[in-house]
Each structure stands twice: as structure tokens, then as C-alpha cells.
Amino acid sequence: MLQSDSLLSGYSVLIVDDNNYMRSILRTMVSGFGVRSIYEAADGADAIAILLDRRPDIVLCDWIMHPIDGNDFLRILRRDEDSEVAKTPVVVITADSRRSVVLAARNAGVNYFLAKPVAPAVLYDRLRAIVMQGDEPIQARDMAQLPMGTRLQQHLDVMAKAKDSGKVRKKNTD
């Protein structure tokens, strides 16, 4: 266990991934963080139904799924007429971390973007950041007030500066 399991024990998480093994890994991680209410969906369509029925506090979502992928899921979610549902925090966890995918996720309204394989400590830090405001945990129903994509934009800015400075070079695919 990385931290006290009491921080996340009052929150519910929906895990959306078409790979059963990946859902199992994420379930093990978040239950290890103290989360007791964990829901699972194999694609974006199932996730929307579970989200509307169970109203989880946080969603962990893969980007590449069928028939509804992470991008479509986020766009449907962010346009929901219930503002509490529409502002549910979403962490995209995917193996496809190309800049175009990160930008598409940001534009769709993701809160955080993590590349697979994801380290438990990194996932915990993102979940902690979602539920904390300053030094105090915020109530699950108040999480809808969090700004979308702020940290993601900061990350993209750092990456762009590193690329411009020559510290990061584009991989040669030839």
C-alpha cells in the first residue's frame, strides 16, 4: 500500500478497458489503494450505462476500444445534460501515447493521461490529485468543480520545451 487506504476508501471507480487482464490489474491497484466500490466495463458503451446507473466518482478509461472508444466515451460524457455526470473525473490509461492522441484526449476533456504500462505509484498520485484540494480531500460530489486538463496542458508544455531544447529527440522510424 502506497498511502493510507482511508483517503480513497470513500470513492468509487469505474474501470473501462476492453482487455480483461488490464481491468484485473487496474482493479488490483485501486483496491490496494483502499477503493471499495469498483465497477468494470469492457467498452465505452457499457461504461456510459454503468456511469449513468452507478455514478462512480472517478473513471479510468482505455483509449482504444470498440464499438465506442475512449474519445467517443469522453465526448458523450462531457455532453451529458446532468452536469454532475458530465464533470466526472476521467484518467485515460493507454498504450497509444502519441502526441495526437494526448491532444485528442485533452480536447475531449480528460483530467489525466497515463501511458501503459502504468506504475501503481503514478496512478495513486493521479487519483490522489483528483480527490485532494490543497491539503484537504474534497467530497466526491464536489469533484465536478475541478478544472479539466490543466495538468495535462502543463505536461504538454514541458514536453514541447524539452523537444525544443534538444533534450528529447523524435524517434527515427526509417
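Every residue gets a number counted from 1 within its own chain, in the order that chain's sequence is written. pLDDT decides what is reported in this predicted model: residues at 70 or higher carry local features, side-chain atom pairs at 80 or more are listed and counted, and totals for whole chains, interfaces and linings draw on all residues regardless. Side-chain measures here rest on the full set of heavy atoms in the structure, leaving out hydrogens and waters.

- In the nomenclature of an unreviewed UniProt entry, the chain is known as Chemotaxis protein CheY of Pseudovibrio axinellae.

1. Points about the packing of aromatic side chains
Here is step 1: Pairing of aromatic rings covers Phe, Tyr and the six-membered ring of Trp, with a centre-to-centre limit of 6.5 Å; geometry is then stacked below 30 degrees between planes, edge-to-face above 60, and tilted otherwise. Inspection of the entire model under this criterion finds 1 aromatic pair.
Here is step 2: Measuring from centroid to centroid gives 5.1 Å for F33 and Y124, while their planes differ by 70°, and the two rings are edge-to-face. In this pair, F33 sits in the loop between helix 1 (20–32) and strand 2 (37–41) while Y124 sits in helix 6 (residues 120–131), placing the two residues 91 residues apart along the sequence.
Here is step 3: Buried residues are those whose accessible area, probed at 1.4 Å on protein chains only, stays under 20% of the maximum for their type, while exposed residues exceed 50% and partly exposed ones sit between those limits. For F33, a relative accessible area of 4% puts it in the buried group. Only runs of H or I of at least four residues qualify as helices and only runs of E of at least two qualify as strands under DSSP, and these elements are numbered from the N terminus.

2. So, the UniProt feature "modified residue: 4-aspartylphosphate" (unreviewed entry) in the chain
Here is step 1: Mapped onto the present numbering, the UniProt feature "modified residue: 4-aspartylphosphate" (unreviewed entry) falls on D62.
Here is step 2: Residue classification places D62 among the buried residues on the basis of a relative accessible area of 6%.
Here is step 3: Working rule for contacts: check all heavy atoms of both residues, and any pair within 4.5 Å makes them a contact. Discounting chain neighbours no more than four positions away, the residues touching D62 are V16, D17, D18, G70, I93, T94 and K116. UniProt positions are given in the numbering used here, feature names are shortened, and annotations may be inferred rather than shown by experiment.

3. Some details on the packing of helix 2 (residues 44–54) against helix 3 (residues 70–78)
Here is step 1: Think of each axis as a best-fit line through the C-alpha atoms, taken over the contacting stretch in the case of a helix, with angles from 0 to 180 degrees between the N-to-C directions. For the pair helix 2 and helix 3, the least separation of the axes is 9 Å and the interaxial angle reads 25°. Comparing their axes, helix 3 and helix 2 come out roughly parallel. Of the two possible hands of crossing, helix 2 and helix 3 adopt the one that is right-handed. Within the contact between the two elements, helix 2 uses G44, A47, I48 and L51 and helix 3 uses F73, I76 and L77. Here the word oblique covers every angle except those under 35 degrees (roughly parallel), over 145 (roughly antiparallel) and from 65 to 115 (roughly perpendicular). Each helix crossing is assigned a hand: it is left-handed if the near helix lies turned anticlockwise from the far helix by less than a right angle, otherwise right-handed if that turn is clockwise.

4. A short note on the environment of S6
Here is step 1: In this structure, S6 sits in the segment before strand 1 (12–16).
Here is step 2: Remark: the alpha-carbon pair of S6 and F33, spanning 27 residues in sequence, is separated by 8.4 Å.

5. Here we look at the packing of helix 3 against helix 5 (residues 99–108)
Each pair of packed helices can be described by the angle between their axes along with the distance between the axes.
Here is step 1: In the contact formed by helix 3 and helix 5, the axes pass within 9 Å of each other and the chain directions differ by 15°. Classified by the angle between their axes, helix 3 and helix 5 sit roughly parallel to one another. Seen from above, helix 3 lies across helix 5 with left-handed handedness. Along its contact with helix 3, which presents N71, L74, R75 and R78, the element helix 5 presents A104, A105, N107 and A108.
Here is step 2: Residue polarity is assigned by list, with Asp, Glu, Lys and Arg as charged and Ala, Val, Leu, Ile, Met, Phe, Trp, Tyr, Cys and Pro as nonpolar; anything else, Gly included, falls into the polar class. The class makeup of the residues in the contact of helix 3 with helix 5 is 4 nonpolar, 2 polar and 2 charged.

6. A few points about the sheet that holds strand 2
Here is step 1: Two strands qualify as a pair provided that DSSP identifies no fewer than 2 bridges between them. The strand order across the open sheet formed by 5 strands is 2-1-3-4-5, and the pairing between neighbours is parallel. Every interior strand has two partners, whereas the edge strands, strand 2 and strand 5 (112–115), have only one. Strand-to-strand twist in this sheet, taken as the mean axis angle between neighbours without regard to direction, amounts to 20°.
Here is step 2: In terms of strand pairing, strand 1 meets strand 3 (residues 58–61) through 4 bridges, oriented parallel. Along strand 3, the bridge assignment pairs V13 with I58.
Here is step 3: The sheet contacts of helix 1 involve strand 1, strand 2, strand 3 and strand 4 (90–94), and relative to strand 2 the element is tilted by about 170°.

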